[in-house]
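Overview (structure and organization)
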Amino acid sequence: MANFSEQVVNLWEEWVAETGHESADPGDFVEWALSNRRLIPNPVDIKQMLRRQVTQSLRQAKRWDEDGRFTYRAFQSATLFEGGEAIKHYFDTDTGGSPSLRQKSVKQRRDAIARDVYRAVCDVDRMKKVHRDEPQLNLFTDFTDDVAELRISESVEDDEDDVA
C-alpha cells in the first residue's frame, strides 16, 4: 500500500492526465480529489497540529535591527537528538541559546540552504537535458548580490514606512 505522499503524487499525475494541465494550482487539485472522493486527509493529532502552528509562528516572528537596518528572525532553532529522537529546540535570538546551540543552529541552516541549492541545480540540469530545444535556464549559485539587494530593499521599505 502506498503511503499518503505516494498516493497524492499518483492522484496528481492522474488528474494532470485527465485535465491536460501543464501546471496547476494544488487548490484546484484538492477540489477535484475531494469532489471525486479520491483523497481524504490524514488523521491529525491535535498536539502535533498545535506544535506545527507554534513552530511556524516562531519561525515567522521577526525583529528590526535599528543599527543594521534589517529584519532578523526573533527565534532560531537547532535540532537536537534526545533518546534517538530529533527534537527542534527554539531560542530567542537576542537572549537565548548557548554558544554551542547558536553555532549548531547556524550550521544546520547553512546545510539546509546547501541542500536546497543542490536540489535546484539538479532540477535545472534535468530541465536543460529534457528541454534541449528551448532557451536554456541559468541558475547562478552566488547569492552575494541578492543578499545586498534584499538588504537595500528592506532598508528602503523602512524609510518609506517612516515617511508615511
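Residues numbered from 1 in each chain as written. Predicted model: local features only at pLDDT ≥ 70, side-chain atom pairs only at ≥ 80, totals over all residues. Heavy atoms only, no water.

Once that is clear, we can look at the pattern of salt bridges. Tallied over the entire structure, the rule returns 4 salt bridges. A salt bridge links Asp94 to Arg63, with the shortest nitrogen-to-oxygen separation between them at 3.0 Å. Of the two residues, Asp94 is situated in the loop between β4 (85-92) and α4 (99-130) and Arg63 in strand β1 (residues 62-65); the sequence distance between them amounts to 31 residues. Residue classification places Asp94 among the partly exposed positions, given a relative accessible area of 47%. Owing to a relative accessible area of 26%, Arg63 belongs among the partly exposed residues under this scheme. (Salt bridge = Lys/Arg side-chain N within 4 Å of Asp/Glu carboxyl O. Helix = DSSP H or I, 4+ residues; strand = E, 2+ residues; numbered from the N terminus. Buried < 20%, exposed > 50% of the residue type's maximum accessible area, 1.4 Å probe, protein only.)

Here we take up the side chain of Asp92. Mapped onto the fold, Asp92 is located in strand β4. The class of Asp92 is buried, set by a relative accessible area of 17%. A distance of 3.1 Å separates a polar side-chain atom of Asp92 from the backbone nitrogen of Thr95. Apart from the residues lying within four places of it in its own chain, the contact partners of Asp92 are Arg63, Ala74 and Phe75. (Polar contact = N/O pair within 3.5 Å; in protein donor to acceptor, adjacent residues only side chain to side chain. Contact = heavy atoms within 4.5 Å.)

In terms of nonpolar packing, the biggest core is built from 6 residues, these being Leu11, Trp15, Phe29, Trp32, Ala33 and Leu39. Where this core is concerned, the elements lending two or more residues are α1 (4-19) and α2 (26-35). By residue number, the principal contributor to this core is α2, which donates 3 residues. Beyond its immediate chain neighbours, meaning those up to four positions away, Trp15 contacts His21, Ala24, Asp25, Asp28, Phe29 and Trp32. (Core = buried A, V, L, I, M, F, W, Y, C linked by side-chain atoms within 4.5 Å.)

Let's shift gears to the packing of aromatic side chains. A complete count under the given rule lists 4 aromatic pairs for this structure. Plain terms: the ring middles of Trp15 and Phe29 are 5.6 Å apart, the flat faces sit at 65° to each other, and that makes the pair edge-to-face. Taken together, the residues span a long stretch of sequence, with Trp15 in helix α1 and Phe29 in helix α2 at a distance of 14 residues. Looking at Phe29, the relative accessible area reads 3%, which means it is buried. Taken together, Trp12, Trp15, Phe29 and Trp32 form an aromatic cluster joined through their ring pairs. The ring of Phe75 has Arg63 sitting right over it, with the charged end atom 5.5 Å from the ring centre. (Phe/Tyr/Trp six-rings, centres within 6.5 Å; stacked < 30°, edge-to-face > 60°. Lys NZ or Arg CZ within 6 Å of the ring centre and 35° of its normal.)

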